[in-house]
Amino acid sequence: MNLPKPIKFEVERYIGGLSQFKKIENPIKLSANESALGPSPKAIEVFEKEKNRISKYPESESNSMREALSQKFKIDSKRIICGSGSDQIFDLTCRLFINPGDEVIVTEFGFIMHKIYASLHKARVIFAKEKNFKASVEEILKKVSDKTKIVFIANPNNPTGTFLSKSEMLDLRKKLRSNILLVVDDAYFEFINSDNFTSGLDLFKDFANVLITRTFSKIYGLAGLRLGWGYSSKEIIDSMYQIKPPFNVNRAALAAGVEAIKDTEWTKKAIEYNTLWSEKIFSVLKKYNIKTNEPAVNFFLMNFDETKINSDDAFEKLAADKLILRKMTQYKILNSLRLTIGNKEANEHFIKSIGSILK
Ligand SMILES: Cc1ncc(COP(=O)(O)O)c(C=O)c1O
């Protein structure tokens, strides 16, 4: 029979963090960089109330959210677009800028969705080498050609947990051709506490050739509702509105998101919690000779070259003790696992478990 034939895309499929492994009962998921404390109770409260309105479409341009973001970050609401996760903003960006054959630069171990969306929209994806799992401005610039359209950088990056300093980021923008769009993914910026670091939004809000993305999936604990946003020139944002799906952000996400950013006490608590536990876990990893990133995000990329077992064995043994980490196979990072900082019980369980595995 002659059947309808879909187009074949040469695109790698995203492999998410496992929430289940073999037949382990009640596993502890530390594989997706989700929030340890969950969302603000005020966000949950409005989420629950929203159930009475789900027969109605949500706002088509997320105006309540844009207004709230504009007030919080002192930015122009007309230059904000909200998406179903920051994921959707990467998709819209690639759709808006890439002609087949254009080049998009990502870093060697950069967040994989940047590369996936660029390929989906038929760009040639070019990888810039990293130095010690950190992006390098010099290596990115080496890869620029007259076909380069976009440079993507997550700062700090997932899964490496490293970041470029304020001066490195400014240097990158200065040395890139002005008609190359620099996309700065701020997904984890809230967790950093370093004088050396400035978020993409704070650095580039007045730049017409930078697009900044942010998410509600990490510090705000709303990964399941899918909410993210982008900030760029009015011209770019207007063009994105033209091509976005009509009701791309659901009403529960909008309601909960607005409350989440208002609840500054909860955000502060989540940041302090992360700082406390990232320092504790960092010292444990050091004690067992696991090489890792400095505490700056809500996860650690752990390398097992100097331990008595390799990362595959460590994964199996941790899983047998109910702890599910993230394998780094898709990123081609050898002998490594990524650990997300979890709640107190999960962290204590991990510390005990890794101690008995590596003792
Ligand atoms: C660097 C980075 N950017 C973006 C995202 C995705 O965010 P969202 O849930 O808003 O699509 C993630 C999620 O893991 C991430 O690690």
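Keep in mind that this is a model prediction, so the values were computed, not measured.

1. What to know about the pairing of strand S9 (residues 210–215)
In step 1: Burial analysis of S9 places six of its six residues in the buried class, the great majority of the element.
In step 2: What you see with S9 is no split at all: Val210, Ile212 and Arg214 on one side and Leu211, Thr213 and Thr215 on the other are buried throughout.
In step 3: Both strand S8 (residues 181–185) and S9 contribute to a ladder of four bridges, which runs parallel. Counted as the bridge partner of aspartate 185 is threonine 213 from S9.
In step 4: With four bridges connecting them, S9 and strand S10 (residues 228–231) associate as antiparallel partners. The residue of S10 that forms the bridge with threonine 213 is glycine 230.

2. Details of the packing of helix H3 (residues 86–97) against helix H4 (residues 112–120)
In step 1: Where H3 meets H4, the closest approach of the two axes is 9 Å, and the angle between their N-to-C directions is 35 degrees. Of the two possible hands of crossing, H3 and H4 adopt the one that is right-handed. Judged by residue contacts, Asp87, Phe90, Asp91 and Cys94 of H3 engage Met113, His114, Tyr117 and Ala118 from H4.
In step 2: For the contact of H3 with H4, the residue count by class is five nonpolar, one polar and two charged.

3. Overview of the sheet that holds strand S4 (residues 124–128)
In step 1: Taken in spatial order, the seven strands of this open sheet run S2-S10-S9-S8-S7-S3-S4, and their pairing is mixed. Because the sheet does not close on itself, it has two edges, and the strands there are strand S2 (80–83) and S4. Across the sheet, the axes of successive neighbouring strands diverge by a mean angle of 20 degrees, strand direction being ignored.
In step 2: Here three bridges tie strand S3 (residues 103–107) to strand S7 (residues 148–154), and the two strands are oriented parallel to one another. The partner of valine 104 across the bridge, within S7, is isoleucine 150.
In step 3: With respect to the sheet, H3 is in contact with S2, S7, S8, S9 and S10, its orientation differing from that of S9 by roughly 155 degrees.
In step 4: Docked against the sheet, H4 engages S3, S4, S7 and S8, running at close to 150 degrees with respect to S4.

4. Points about the packing of aromatic side chains
In step 1: For the structure shown, the criterion picks out 11 aromatic pairs.
In step 2: Here the aromatic rings of phenylalanine 90 and phenylalanine 152 are separated by 6.2 Å at their centres, their planes lie at 90 degrees, and the arrangement is edge-to-face. Residue phenylalanine 90 is found in helix H3, and its partner phenylalanine 152 is found in strand S7; the two are separated by 62 residues along the sequence.
In step 3: Look at phenylalanine 90 and you get buried, because its relative accessible area is 1%.
In step 4: Look at tyrosine 188 and phenylalanine 191: their rings are 6.4 Å apart centre to centre, the planes differ by 35 degrees, and that puts the pair in the tilted class.
In step 5: Look at tyrosine 188 and you get buried, because its relative accessible area is 4%.
In step 6: By the ring-pair criterion, three or more aromatic residues cluster together here, those being Phe90, Phe111 and Phe152.
In step 7: A cation over a ring is seen here: arginine 214 above phenylalanine 73, with NZ or CZ 5.0 Å from the ring centre.
In step 8: Positioned above the aromatic ring of phenylalanine 189 is the side chain of arginine 214, whose terminal nitrogen or guanidinium carbon lies 3.7 Å from the ring centre.

5. Considerations on the domain arrangement of the protein
Bring the parts together and some accessible area is lost; that lost area is often taken as the interface size.
In step 1: Structurally, the protein comprises domain 1 (28–39 + 265–358) and domain 2 (41–263).
In step 2: Measuring from the centre of the C-alpha atoms in domain 1 to the corresponding centre in domain 2 gives 25 Å.
In step 3: Counting from both sides, the interface comprises 24 residues of domain 1 and, opposite them, 27 residues of domain 2.
In step 4: Taking both sides of the interface into account, the surface hidden between domain 1 and domain 2 amounts to around 2,200 Å²; carbon and sulfur atoms contribute 65%.
In step 5: When residues of domain 1 are sorted by the area they lose upon contact with domain 2, Pro39, Ala296 and Tyr331 head the list and together hold 29% of the total.
In step 6: Counting the contacts that link domain 1 with domain 2 gives zero salt bridges.
In step 7: Where domain 1 meets domain 2, there are nine residue pairs in polar contact (both at pLDDT 80 or more).
In step 8: The element contributing the most residues to the side of domain 1 that touches domain 2 is helix H10 (residues 264–287), with six residues.
In step 9: Split into classes, the residues belonging to the side of domain 1 that touches domain 2 amount to 12 nonpolar, eight polar and four charged.

6. Details of the pattern of salt bridges
In step 1: All told, the structure shown has 19 salt bridges when counted by the stated rule.
In step 2: Linked through salt bridges whose partners overlap, the residues forming this network are Glu50, Arg53 and Arg251.

7. Points about the sheet that holds strand S14 (residues 336–340)
In step 1: The strand order S11-S14-S13 describes an open sheet built from three strands, whose pairing is antiparallel. Since the sheet does not close on itself, it has two edges, and those belong to strand S11 (299–303) and strand S13 (326–327), each with one partner.
In step 2: Across the face of the sheet, helix H11 (residues 311–320) comes into contact with S13 and S14 while running at roughly 40 degrees to S14.

The rules behind the values
Residue positions are given per chain, counting from 1 as you read along its sequence in written order. Reporting in this predicted model follows two pLDDT cut-offs: at least 70 for local features of residues, and 80 or more for side-chain atom pairs to be given and counted; totals over whole chains, interfaces and linings ignore these cut-offs and use all residues. Side-chain measures here rest on the full set of heavy atoms in the structure, leaving out hydrogens and waters. Each residue gets one of three labels from its accessible area relative to the maximum for its type: buried under 20%, exposed over 50%, partly exposed in between, using a 1.4 Å probe on protein chains only. By definition, any uninterrupted DSSP run of H or I lasting at least four residues is a helix, any uninterrupted run of E lasting at least two residues is a strand, and each is numbered from the N terminus. In short, DSSP must find at least two bridges between two strands for them to pair. In this analysis, axes come from line fits to C-alpha atoms, helices being fitted only over the stretch in contact, and the angle between any two N-to-C directions falls in the range 0 to 180 degrees. Note: crossing handedness is left-handed where the near helix turns anticlockwise from the far helix by less than a right angle, and right-handed where it turns clockwise. We call two residues in contact whenever any of their non-hydrogen atoms come within 4.5 Å of each other. When residue character is reported, Ala, Val, Leu, Ile, Met, Phe, Trp, Tyr, Cys and Pro are called nonpolar, Asp, Glu, Lys and Arg charged, and the others, Gly included, polar. In this analysis, rings of Phe, Tyr and Trp, with Trp reduced to its six-membered ring, are considered paired at centre separations within 6.5 Å, and the interplanar angle assigns stacked below 30 degrees, edge-to-face beyond 60, and tilted for intermediate values. Note on geometry: a ring has a charge over it if NZ (lysine) or CZ (arginine) is within 6 Å of the ring centre and within 35 degrees of the ring normal. Each domain span listed reflects an automatic or database assignment of domains. Values labelled buried area give the accessible surface lost by two parts on being combined, using a 1.4 Å probe and summing over both. In the sections that follow, a salt bridge refers to a side-chain nitrogen of Lys or Arg positioned within 4 Å of a carboxyl oxygen of Asp or Glu. Two N or O atoms count as a polar contact when they lie within 3.5 Å, although within protein this holds only if one can serve as hydrogen donor and the other as acceptor, and sequence-adjacent residues are included solely when both atoms are side-chain atoms.

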